[in-house]
Amino acid sequence: MQPEEEKPEEGRKPGRRRRPRKQKERKMIGFRKLAFEAMPEIMSYMFMAAVILTGASALGSLIISKLLEENGIFAITTANVKDFVSSWRILPILLVAAVLLLLNLILGVFGSIYQCDDILKGGKVTFIEIFRESFKDLKRFLNLSGFLVILYMVLGVPIVGFGFQVDMTQNLVIPNFILSVILSKWYLAAGYYALIIFLIWKGLRHFFTLHGILLDDLQPKAAKKQSEQIVKDHWKELLLTAAIIFALGYALQFLVAYVVFPRLTDSLRDFGLTVPQGYTLDPNADLTELDVDVVINRTLAFFYVIVERLVLAAVDLLESGFVVLKATQLYRKYTGGTSAPYPERPWIVKYIFRTLSTGVLATAVLVTSFFLALYFDVYAADPVDPYIVAHRAGGYLASENSNEGLEAAIAAGADASEIDVQRTKDNRYVINHDRTFKRLAGEPRAAQEMTFDEVMALRIPDTSGSGREVRVATMEQMLDTIKGRHKLFIELKGATADRQMADDLVQMIREKDCLDDIVLIGLNFEVLKYAKETYPEFETGVLLFAGFGDIQSMNCDYVMLSQESATPARIRKVREQGKNAVVWTVNDEESLYGFLDGQADYVLTDDVELALQIQQELRERTEIERIIDFAAVLAPQEVLSWAK
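Residues numbered from 1 in each chain as written. Predicted model: local features only at pLDDT ≥ 70, side-chain atom pairs only at ≥ 80, totals over all residues. Heavy atoms only, no water.

Asks: Give me the packing of aromatic side chains: which residues, what numbers.
Replies: Enumeration according to the criterion identifies 24 aromatic pairs in this entry. Here Tyr530 and Tyr535 contribute two aromatic rings whose centre-to-centre distance is 6.5 Å and whose plane-to-plane angle is 85°, an arrangement assigned as edge-to-face. By relative accessible area, which is 13% here, Tyr535 ends up buried. One cation-aromatic arrangement involves Lys326 over Phe31; the distance from NZ or CZ to the ring centre is 4.7 Å. The aromatic ring of Phe452 is capped on one face by Arg428, whose charged end is 3.8 Å from the ring centroid. (Phe/Tyr/Trp six-rings, centres within 6.5 Å; stacked < 30°, edge-to-face > 60°. Buried < 20%, exposed > 50% of the residue type's maximum accessible area, 1.4 Å probe, protein only. Lys NZ or Arg CZ within 6 Å of the ring centre and 35° of its normal.)

Structure below.
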């Protein structure tokens, strides 16, 4: 009987061909030991899938950019999305996006489940077999229930942070400025939290739906019902298992990310090297004693950060792989399939080979670190000391969009301010962010529905908490305040942001003789394009909270990226085109630290005082601290771009 149990089960598909493999008789082991033995295989598959998906994503982005470039659009952004949706270009671009999504589903989600099921059965499925089986099963999702399953993975999981995740949309989040509006109104906040609870509830009930579709050939509707029954019958064990996995995973992440590496980082910072202001290392010249010290420090910093990121990535893969394996094991257990004990893994790599591989990897990392250190000033160091821009005139320093806010921002040391301008019914210009004055003054009407005198009669409680009341500021007052003292980003806001507004503002700015102090910005790209073409002496900036393609080629002087879309690579590309990169609106300490050190030209914030404090700390860093901070946010593809 025992030899019969030791024979590995065939895979799910009766037609699957396997390469004949001569193997010795295997022992039967428990799940914990199986997980330990199989984890290198699972992590290797996930790593290979990630590499392929990264390459496919880069190719897809290139194709989409070329499609846009051929038609003179260059980018899909929140400023021109209406024109894009109404054009024929949307079809081939959506097709490319659909192909990328399918690849993410096949390799990133379906493939992991197939591999784990095969491991439980004692087999060793190949990468090609996994792809073939996953591709064939896509047809089961060609119905409403299947579409909803995919939709939950693509949109629901990133929001709730629970379930089988598609890499392509893992960073999909609600922008901070939209979320802040939602949470500021109780009824919107209630709806938002109700949606989160609903999505979590659906995710829990249908946790095993994918397993039913992929492993037992069930239709999505039937797989959902089966999953609901499994969860209902075994919810206590599932809850306990989830709690244990979460606790162990959190403990591991905490140990690695918040104990071990932070202490090592502090140790490295203690013997950092401080170099003279403006120092640049020239790798083609004879190295001085200082140059050698700098190279050693930089090499150590890059080596440390790369190893840190490799370890953190390995921890993520380890946790993800174990979760998929455990979920698959539980599914088979609850549905009467493969159960313990399991055949041991006969293809475990010998420890000596693993040791040699680790040594080769460490050597490769060291060599890479040396060249990154040597050429750091050539390829990466374009030192920028970003200008700090106060959001809505003064940020937290004074009442928003007020003249008092401008004065406070100037006094605090901010380099610039941003305000929002709207037109009244009688063609005057006042400063207000919202569509109406209801939030600030209790007036439900918008500026374009009121006369200038009606707006001037409003009183706004000082949002900084002083208890005073202020009047709505006018455009003329703002220009008088900043002339020759302060840079001002004027956002053409709301329904009145049109060509007339651009013409009127240009005339007013000329009359006040403060052209050099002004940047006209907005979400409406057509209006900004008109302003730039009609008045080329004026600087303009396009506000983007989402964008795809060659956005840095847009006809403007400032590309203003939301915090969520402002990656280091995108910021660098904007600057390479001779444009100013602006990041908005950054308020938390960690993000401020990153963006003030992230090569952006301007950082827009409400917390001006905190931004100024962090900026000073960054200026006083040692050489090794600067490299550690730089390398910590360096994307893997950045290293490849350097190599080119």
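Back to the write-up after that little detour.
Asks: Any chance you could break down the pairing of strand β16 (residues 580-584) for me, citing the residues and the numbers?
Replies: With four of five residues buried, β16 lies mostly within the body of the structure. Sheet topology places strand β15 (residues 558-562) next to β16; five bridges connect them, and they run parallel. Residue pairing for β16: Met560 is matched across the bridge by Val582. Remark: the β15/helix α20 (residues 568-576)/β16 crossover connection has right-handed handedness. (Helix = DSSP H or I, 4+ residues; strand = E, 2+ residues; numbered from the N terminus. Pairing = 2+ DSSP bridges. Right-handed = clockwise from strand over helix to strand, strands pointing away.)

Asks: Outline empty space enclosed by the protein, supporting the account with residue identities and numerical values.
Replies: Within the structure shown, the criterion is met by two cavities of 30 Å³ or more. Of the pockets and cavities examined, the largest cavity occupies roughly 50 Å³. As for the largest cavity, its lining consists of Ser399, Glu400, Asn401, Ser402, Ile431, Asn432, Leu440, Ile460, Val470, Arg471, Val472 and Ala473. Here the residues of the lining of the largest cavity are counted per class, giving six nonpolar, four polar and two charged. (1 Å grid on protein atoms, 1.4 Å probe; cavity = no way out; pocket = protein on both sides within 12 Å on 5 of 7 lines; lining within 4 Å. Points joined across faces, edges and corners; volume = space filled by probe spheres on them. Nonpolar A, V, L, I, M, F, W, Y, C, P; charged D, E, K, R; others polar.)

Asks: Let's hear about helix α4 (residues 90-120): which residues, and what values?
Replies: Along an α-helix, residues three or four apart share an orientation, since each turn contains 3.6 residues. Helix length check: α4 (31 residues) gives 44 Å between terminal C-alpha atoms against 45 Å at 1.5 Å per residue, within 8%. Maximal helix bending in α4 amounts to about 40°, located at Gly111. Directly after α4, the chain includes Gly122, whose backbone phi takes a positive value near 90°. (Expected span 1.5 Å × (residues − 1). Bend = angle between axes of the 7 residues up to and from the residue.)

Asks: Tell me what's going on with the nonpolar core, and back it up with residues and numbers.
Replies: Counting residues in hydrophobic clusters, the biggest one holds 48 residues, and the most contacted among them are Ile42, Phe110, Phe141, Met153, Phe164, Phe208 and Leu210. At the level of secondary structure, the elements contributing two or more residues to this core comprise α2 (31-70), α4, α6 (144-160), α9 (209-215), α10 (220-270) and α11 (289-334). Setting aside its immediate chain neighbours within four residues, Met153 contacts Leu105, Val109, Phe110, Pro158, Phe164, Val166, Thr169 and Leu210. Within the second largest apolar cluster, 30 residues are counted, among which are Leu406, Ala473, Leu505 and Ala531. (Core = buried A, V, L, I, M, F, W, Y, C linked by side-chain atoms within 4.5 Å. Contact = heavy atoms within 4.5 Å.)

Asks: Outline the side chain of Asp606, supporting the account with residue identities and numerical values.
Replies: Topologically, Asp606 is positioned in the loop between β17 (602-605) and α22 (608-619). Among buried Asp, Glu, Lys and Arg side chains, Asp606 stands out as unpaired, with Arg392 the closest opposite charge at 5.7 Å. Reaching out from Asp606, the side chain makes a polar contact with the side chain of His391 at a distance of 3.0 Å. Excluding its chain neighbours within four sequence positions, the residues that come into contact with Asp606 are His391, Gly394, Gly395, Tyr396, Thr585, Val586 and Asn587. (Lys, Arg positive; Asp, Glu negative; His and termini not counted. Salt bridge = Lys/Arg side-chain N within 4 Å of Asp/Glu carboxyl O. Polar contact = N/O pair within 3.5 Å; in protein donor to acceptor, adjacent residues only side chain to side chain.)

Asks: Lay out a nonpolar patch on the surface in plain terms, naming residues and giving numbers.
Replies: Side chains of Leu144, Phe147, Leu148, Leu151, Leu155 and Leu172 sit close together on the surface and give an oily, nonpolar patch of about 540 Å² of accessible area. Relative to the assigned elements, Leu172 resides in the loop between α6 and α7 (176-184). Relative accessible area serves as the criterion here: at 39%, Leu172 is assigned to the partly exposed category. (Patch = residues over 30% accessible without salt bridge, like charges linked within 9 Å, V, L, I, M, F, W, Y side chains within 5 Å. Areas by Shrake-Rupley, 256 points an atom, 1.4 Å probe, with all protein chains shown as cover.)

Asks: Outline a negative patch on the surface, supporting the account with residue identities and numerical values.
Replies: Together, Asp588, Glu589, Glu590, Glu617 and Glu620 give the surface a local cluster of negative charge. Within the secondary structure, Asp588 sits in the loop between β16 and α21 (589-596). When its relative accessible area of 35% is taken as the criterion, Asp588 is described as partly exposed. (Charge placed at Lys NZ, Arg CZ, Asp CG, Glu CD.)

Asks: Provide a residue-level description of α22, including the pertinent values.
Replies: With twelve residues, α22 should reach 16 Å at 1.5 Å per residue; the first-to-last C-alpha distance of 17 Å fits that figure. Residues Val608, Leu610, Ala611, Ile614, Gln615 and Leu618 constitute the buried set of α22. The buried residues of α22 occupy an angular sector of 160° when projected down its axis, which confines them to one face. Lining the buried residues of α22 we find β4 (387-390), α14 (403-412), α21 and β17. (Arc of directions from axis to C-beta.)

Asks: So what's going on with unusual backbone geometry? Which residues, and what values?
Replies: Its identity is not glycine, yet Asp217 carries a phi of approximately 60°, on the positive side. Mapping Asp217 onto the fold places it in the loop between α9 and α10. Here Asp217 falls in the partly exposed class, since its relative accessible area comes to 38%. Phi at Asp513 is positive, roughly 55°, even though this residue is not glycine.

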